Amino acid sequence: MSPENIQYDRDKFESILKSSKNNRHLQIPNTVESQLCISPLVSFSNRREKSSKCIDISQIVKKAVAKLLNPAMIRNIDSTSNLEQLTSGFKNLQSGQKENIPKIDHITLAHQTQHFNSSMCSAAVWLGYSDRFKTYSDMQKIKVLQAIWCIWGRLEGIVMTAKMRIIGKCEKEQFFLTSDTLIVYDNFSSDLDYCSTYPFEEMKYFFIPREMFHEDVISELVKVQPDDVETTYLMSVVCLQLTGKRYGGLIQEEMEQFQDILSNDLHEYYINNKMPKYLLRIKQLMRVKEMFLRNLNIRMEKYKIAGVFNVFNRPISNLEFFTVPI
């Protein structure tokens, strides 16, 4: 073979490079993100230095633990079950919910701090209604609170949002973050000073409102319309299951026993209220539970990605209270 017979520019990669050089107006293909002006990834080229400023929630934790270990005197009727006791606590905590509150589309650091305080303290008070929970050691009680407060706070918001939609006090694409904070999804943004030094525009992947606030779970609750006892059972088994999964061992065994007690209580509730054929109702509640856990797993996967790149890089006190994302 002579050099004259060699054919150049046959390599596909090299040809593309030459074509690109010759066409300086070659455009990057459109994507959903570019059309919607959404950043698909965090821009690490503008990465900021990790902040030394620590977000201190120690006073919130101190107050919540005090409520947990030194609960107000709660007189439970001897004949009431643990499920009925927790239901009573849940109803009391939600009784102060306002129906008409201002709508916001931006969560400030003050809103987030209020949410931490409300969720942690309310969860502590709620647990104190159960006779079974009162038998735990102080360390066991604190471990349960550490595991559930974030989840309980989100579930309470989901339940309240569903209730308000049923009575026409809340529209779709809106969410009750706290008793006096109603979030509107459109143009949603958040001050991330409590968790990151990155701007919200670069963190949208982690803060999609329909995903954060479990819109599909809310819609399902509106269809099912569980009563207070069923709602409390649903919230309880989710919290106990996740607590057991977090710690394993003896705590997991205890959480499973507690779930069995609540399941028996729910059975008795149905029988006493003349609902012997309640299998369909249980299936509906379990569907809601699985939807919530599936959404939570999606957020867990996102948090793993965040951990790789250390995007949630703001120091915060009492990290033992922030193991499970919402």
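Residues numbered from 1 in each chain as written. Predicted model: local features only at pLDDT ≥ 70, side-chain atom pairs only at ≥ 80, totals over all residues. Heavy atoms only, no water.

**Student:** It is not clear to me how the side chain of Thr181 should be interpreted in this structure. Could you clarify?
**Tutor:** By the secondary structure assignment, Thr181 is in strand 4 (residues 181-184). A polar atom in the side chain of Thr181 sits 2.8 Å from the side chain of Thr178. The contacts of Thr181, once residues within four sequence positions are left out, are Ile101, Ile104, His111, Gln114, Phe175 and Phe176. (Helix = DSSP H or I, 4+ residues; strand = E, 2+ residues; numbered from the N terminus. Polar contact = N/O pair within 3.5 Å; in protein donor to acceptor, adjacent residues only side chain to side chain. Contact = heavy atoms within 4.5 Å.)

**Student:** What's the story with the confidence of the model for the protein chain in this structure? I'm lost.
**Tutor:** Caution applies to low-pLDDT parts of the model: their predicted coordinates are not meant to be read in detail. Of all residues in the protein chain, 81% have pLDDT values of 70 or greater, and the mean over the chain is 85. The model gives residues 23-38 a pLDDT under 50, and that stretch makes 4 contacts with residues more than four places away or in other chains. When the criterion is pLDDT under 50, residues 42-48 qualifies, and its contacts beyond four places in sequence or with other chains add up to 17 contacts. (pLDDT = per-residue confidence, 0-100.)

**Student:** Please explain the pattern of salt bridges as it appears in this structure.
**Tutor:** Once the charged atoms of two side chains with opposite charge are near each other, the side chains can pair. Applying the stated rule across the entire model yields 12 salt bridges. Asp193 is the partner of Arg314 in a salt bridge, and the nearest nitrogen-oxygen pair spans 3.3 Å. You can see Arg314 sitting in the segment after helix 12 (279-309) and its partner Asp193 sitting in the loop between strand 5 (189-190) and helix 8 (209-212), a full 121 residues away along the chain. Here Asp193 falls in the partly exposed class, since its relative accessible area comes to 31%. (Salt bridge = Lys/Arg side-chain N within 4 Å of Asp/Glu carboxyl O. Buried < 20%, exposed > 50% of the residue type's maximum accessible area, 1.4 Å probe, protein only.)

**Student:** For this particular structure, what's the right way to read the sheet that holds strand 3 (residues 174-178)?
**Tutor:** Within a sheet, neighbouring strands are paired by backbone hydrogen bonds and run either parallel or antiparallel to one another. Taken in spatial order, the 3 strands line up as 1-4-3 in an open sheet, and their pairing is mixed. Single-partner strands in this sheet number two, and they are strand 1 (103-104) and strand 3. Note that strand 1 and strand 4 share 2 bridges and pair parallel. Directly across from Lys103, in strand 4, lies its bridge partner Leu182. Along the sheet, helix 5 (residues 109-127) makes contact with strand 1, strand 3 and strand 4, crossing strand 3 at roughly 65°. (Pairing = 2+ DSSP bridges. Axes fitted to C-alpha atoms, helices over the stretch in contact; angles between N-to-C directions.)

**Student:** It is not clear to me how the nonpolar core should be interpreted in this structure. Could you clarify?
**Tutor:** Nonpolar side chains tend to gather and get buried jointly when the protein is soluble and globular. Core analysis: the largest hydrophobic core is formed by 79 residues, its most contacted members being Phe207 and Phe292. Once residues within four sequence positions are removed from consideration, Phe207 is found in contact with Phe188, Leu192, Tyr194, Cys195, Phe200, Met212 and Phe312. Ile101, Met160, Met164 and Leu182 belong to the second-largest nonpolar core, a separate cluster that totals 6 residues. (Core = buried A, V, L, I, M, F, W, Y, C linked by side-chain atoms within 4.5 Å.)

**Student:** Please explain the packing of aromatic side chains as it appears in this structure.
**Tutor:** For any pair of aromatic rings, the description consists of the separation of the ring centres together with the inter-plane angle of the planes. On inspection of all chains with the given rule, the structure shows 19 aromatic pairs. Each ring, one from Phe116 and one from Phe322, has its centre 5.4 Å from the other, and the planes form 75°; the classification is edge-to-face. Here Phe322 lies in the segment after helix 12 and Phe116 lies in helix 5, a separation of 206 residues in the sequence. A relative accessible area of 5% means that Phe116 is categorised as buried. Given the relative accessible area of 25%, Phe322 is considered partly exposed. The interplanar angle of 75° and the centroid separation of 5.9 Å between the aromatic rings of Phe188 and Phe200 together place this pair among those described as edge-to-face. In this pair, Phe188 sits in the loop between strand 4 and strand 5 while Phe200 sits in the loop between strand 5 and helix 8, placing the two residues 12 residues apart along the sequence. Its relative accessible area of 8% is what places Phe188 among the buried residues. An aromatic cluster of at least three residues, connected via ring pairs, comprises Phe175, Tyr185, Phe188, Phe200, Tyr205, Phe206, Phe207, Phe213, Tyr303 and Phe312. (Phe/Tyr/Trp six-rings, centres within 6.5 Å; stacked < 30°, edge-to-face > 60°.)

**Student:** Please clarify how the side chain of Arg165 should be interpreted in this entry.
**Tutor:** With respect to the element layout, Arg165 can be found in helix 7 (residues 138-166). We classify Arg165 as buried; its relative accessible area is 13%. Looking at Arg165, its side chain comes within polar contact range of the main-chain oxygen of Glu171, at 3.3 Å. The contacts of Arg165, once residues within four sequence positions are left out, are Cys170, Glu171, Lys172, Glu173, Gln174, Tyr185, Glu215, Ile218, Ser219 and Val222.

**Student:** Help me understand helix 5 in this model?
**Tutor:** Given a rise of 1.5 Å per residue, 19 residues ought to cover 27 Å, and the 27 Å separating the end C-alpha atoms of helix 5 matches this to within 8%. Among the residues of helix 5, those classed as buried are His111, Gln112, His115, Phe116, Ser119, Met120, Cys121, Ser122, Ala123, Ala124, Trp126 and Leu127. (Expected span 1.5 Å × (residues − 1).)

**Student:** Teacher, can you tell me more about helix 4 (residues 82-94) here?
**Tutor:** In a regular helix each residue adds 1.5 Å, so 13 residues correspond to 18 Å; helix 4 covers 18 Å between its end C-alpha atoms and thus fits that length. Looking only at helix 4, the buried set comprises Asn82, Leu83, Gln85, Leu86, Thr87, Gly89, Phe90 and Gln94. On its buried face, helix 4 is in contact with helix 5, helix 6 (131-134), helix 7, helix 10 (228-247) and helix 11 (249-272).

**Student:** I keep staring at unusual backbone geometry and nothing clicks. Help me out?
**Tutor:** The general pattern is negative phi for most residues beyond glycine and trans for most peptide bonds. You will see that Asn187, though not glycine, has its phi angle at about 60°, which is positive. Relative to the helices and strands, Asn187 is located in the loop between strand 4 and strand 5. Classification of Asn187 as exposed rests on a relative accessible area of 67%.

**Student:** Where do I start with the environment of Glu290 in this structure?
**Tutor:** Counting through the fold element by element, Glu290 comes out in helix 12. For Glu290, a relative accessible area of 42% corresponds to the partly exposed category. Once the C-alpha coordinates of Glu290 and Val238 are considered, the two residues, 52 residues apart in sequence, prove to be 9.2 Å apart.

**Student:** For this particular structure, what's the right way to read the pairing of strand 3?
**Tutor:** Look at any regular strand and the pattern is simple: side chains alternate between the two faces of the sheet. The buried fraction of strand 3 amounts to 5 of the 5 residues, a majority that puts the element mostly inside the structure. Sheet topology places strand 3 next to strand 4; 4 bridges connect them, and they run antiparallel. Pairing of Phe175 across the sheet is with Ile183, part of strand 4. Between strand 3 and strand 4, which pair antiparallel and follow one another directly, the connecting turn spans 2 residues.

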